[in-house]
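What the coordinates show
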Amino acid sequence: MNTSRIPTPYAITFDGMLEWFSEMSVRDLLFHPDDAPGEIITIATGEKMFSDAECKKLDGIISNMFEEFGDAVYEAAYPIFMKRMVLQLDA
């Protein structure tokens, strides 16, 4: 059985983006939406973080998010990144 490490968004809504970024964080796969998945390297191994198939899926997901919500993608990702980095959110 070949299961994808990349979660499929439940819905392309603001809350759906929050859930998706959160799930990516839980799976230790979180990355900035401006970064090309194919260029992300795992520091510990020096190897690509995502397979070609995963990159294709990620490119589609992120592209759909930006098409639907524009810069609100960053607003959805921000609290997830801050929590992951154990930083206090801006007021």
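This is a predicted model, so every value here is computed, not measured. (Residues numbered from 1 in each chain as written. Predicted model: local features only at pLDDT ≥ 70, side-chain atom pairs only at ≥ 80, totals over all residues. Heavy atoms only, no water.)

It is worth spelling out the side chain of Ser25 at this point. As for its position among the elements, Ser25 is in helix H1 (residues 14–26). We classify Ser25 as buried; its relative accessible area is 10%. Leaving out residues up to four positions away in the same chain, Ser25 has contacts with Leu30, Ile80 and Arg84. (Helix = DSSP H or I, 4+ residues; strand = E, 2+ residues; numbered from the N terminus. Buried < 20%, exposed > 50% of the residue type's maximum accessible area, 1.4 Å probe, protein only. Contact = heavy atoms within 4.5 Å.)

Attention shifts here to the confidence of the model for the protein chain. This prediction gives the protein chain a mean pLDDT of 90; 92% of its residues lie at or above 70. The element-level mean pLDDT for the protein chain is lowest in helix H3 (residues 72–84), coming to 91, with helix H2 (residues 52–69) highest at 96. (pLDDT = per-residue confidence, 0-100.)

Let us look at the packing of H2 against H3. Where H2 contacts H3, the axes come no closer than 8 Å and their chain directions differ by 120°. As judged from the angle between their axes, H2 and H3 are oblique. Where H2 abuts H3, its residues Met65, Phe66 and Phe69 lie against Ala72, Val73 and Tyr74. Residue classes in the contact of H2 with H3 are distributed as 6 nonpolar, no polar and no charged. (Axes fitted to C-alpha atoms, helices over the stretch in contact; angles between N-to-C directions. Parallel < 35°, antiparallel > 145°, perpendicular 65-115°, else oblique. Nonpolar A, V, L, I, M, F, W, Y, C, P; charged D, E, K, R; others polar.)

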